[in-house]
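Structure assessment
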Amino acid sequence: MSSFSLPELPYSYDALEPYIDKMTMEIHHTKHHNGYLTKLNAAVDGTELEGKTLEELMAEISSHSMAVRNNGGGHYNHSLFWSIMKKNGSKPDGELSKGINSTFGSFDKFKEEFSNAAATRFGSGWAWLIVSDGKLAITSTPNQDNPLMDLVEKKGTPILGIDVWEHAYYLKYQNKRPDYISNWFNVINWEEVANRFALAK
């Protein structure tokens, strides 16, 4: 019995067109994410880590192997990534919108700061909107690390994350990462981000 399983996407592979193409979504989900999942299960099944949640693994990741760190991070990060996107993305409102405005000055300022964190992440990695000590903050991590891990510079609960590994955008955007980031704002599921914000505060 494998510890973790691949989540189904809450939309079809072509739902995020034209911003994220069907082939990228299909390969990203069935090959990349599934690859992290398979390796994670291989690393934890039959060990004392079996039965732990992803969050528990992240919280003590510095004491685990690189296989658990890389593949556990990959599984957690992608599971969040799929859930915070949707066809015809929305705009934040309510408490989340107030939080963004009070922290960053405006939604446009937030978008600028977040996009910059994503664009300037060297090599492969992620940019995040997190709740840290009850406040919103932007951070980024290399590879498949995330802000839940006990070894990252800026810890917090991720409520929004963008994958800036080349496999997330290269088929459509080639080396134009900023174009991918800009278009990605059209498919953010802000209702889901707001739910995560409410739980994390």
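Preceding block: the structure.
Let's shift gears to helix α4 (residues 94-104). Of all the residues in α4, the buried ones are Leu 96, Ser 97, Gly 99, Ile 100 and Phe 104. An end-on view of α4 places all buried positions within 160° of arc, on one side of the element. Within α4, the exposed residues directed more than 90 degrees away from the buried face are Lys 98 and Ser 102. In this structure, the buried residues of α4 make contact with α5 (107-119), β1 (125-132), β2 (135-142), β3 (157-163) and α8 (190-200). Within two residues after α4, Gly 105 carries a phi angle of roughly 100°, on the positive side.

Looking now at the nonpolar core. Ranked by size, the top nonpolar core spans 59 residues in total, and within it Met 85, Phe 110, Phe 114, Leu 160 and Trp 184 carry the most contacts. Sorting elements by how many residues they give to this core places β1 first, with 6 residues. Contacts of Trp 184, omitting those with residues within four sequence positions, involve Ile 20, Phe 81, Ile 84, Met 85, Phe 114, Leu 160, Gly 161 and Ile 162.

As for its position among the elements, Thr 139 is in strand β2. With sequence-adjacent residues up to four places away left out, Thr 139 is seen in contact with Trp 126, Ala 127, Trp 128, Ile 130, Pro 147 and Lys 154.

Our next topic: helix α3 (residues 66-83). For α3, which comprises 18 residues, the first-to-last C-alpha distance of 26 Å matches the rise-based estimate of 26 Å (1.5 Å per residue) to within 8%. Most of α3 sits out of view: 13 of its 18 residues are buried.

Here we come to the packing of aromatic side chains. The final tally for this structure, using the stated rule, is 16 aromatic pairs. Seen in terms of ring centroids, Phe 81 and Trp 82 are 5.5 Å apart; in terms of plane orientation they differ by 50°. Their pairing is tilted. Judged by its relative accessible area of 2%, Phe 81 is buried. With a centroid separation of 5.9 Å and an interplanar angle of 55°, the aromatic rings of Tyr 173 and Tyr 180 are classed as tilted. Among the residues examined, Tyr 173 registers a relative accessible area of 8% and is labelled buried. Through successive ring pairs, a cluster of aromatic residues spans Phe 81, Trp 82, Phe 104, Phe 107, Phe 110, Phe 114, Trp 126, Trp 128, Trp 184, Phe 185 and Trp 190. Over the ring of Phe 185 we find Lys 111; its NZ or CZ atom is 5.0 Å from the centre of that ring.

Considering all chains together, one arrives at 5 salt bridges under this definition. Ionic pairing is found between Lys 52 and Glu 60, a salt bridge with its closest N-O pair at 3.3 Å. Given the relative accessible area of 27%, Glu 60 is considered partly exposed.

Here the focus is the environment of Leu 57. Its place among the elements puts Leu 57 in helix α2 (residues 54-59). Residues Leu 57 and Asp 150, spaced 93 residues apart in sequence, show a C-alpha to C-alpha distance of 9.7 Å. Contacts of Leu 57, omitting those with residues within four sequence positions, involve Phe 4, Leu 40, Leu 49, Lys 52, His 64 and Val 68.

As a further point, take the side chain of His 33. Mapped onto the secondary structure, His 33 falls in helix α1 (residues 22-44). Under the relative-accessibility criterion, His 33 is labelled buried at 0%. Ignoring sequence-local partners within four residues, the contact set of His 33 consists of Leu 6, Pro 7, His 28, Gly 74, His 75, His 78, Ser 79 and Trp 82.

Each value, and the rule that gives it
- Residues numbered from 1 in each chain as written.
- Predicted model: local features only at pLDDT ≥ 70, side-chain atom pairs only at ≥ 80, totals over all residues.
- Heavy atoms only, no water.
- Buried < 20%, exposed > 50% of the residue type's maximum accessible area, 1.4 Å probe, protein only.
- Helix = DSSP H or I, 4+ residues; strand = E, 2+ residues; numbered from the N terminus.
- Arc of directions from axis to C-beta.
- Contact = heavy atoms within 4.5 Å.
- Core = buried A, V, L, I, M, F, W, Y, C linked by side-chain atoms within 4.5 Å.
- Expected span 1.5 Å × (residues − 1).
- Phe/Tyr/Trp six-rings, centres within 6.5 Å; stacked < 30°, edge-to-face > 60°.
- Lys NZ or Arg CZ within 6 Å of the ring centre and 35° of its normal.
- Salt bridge = Lys/Arg side-chain N within 4 Å of Asp/Glu carboxyl O.

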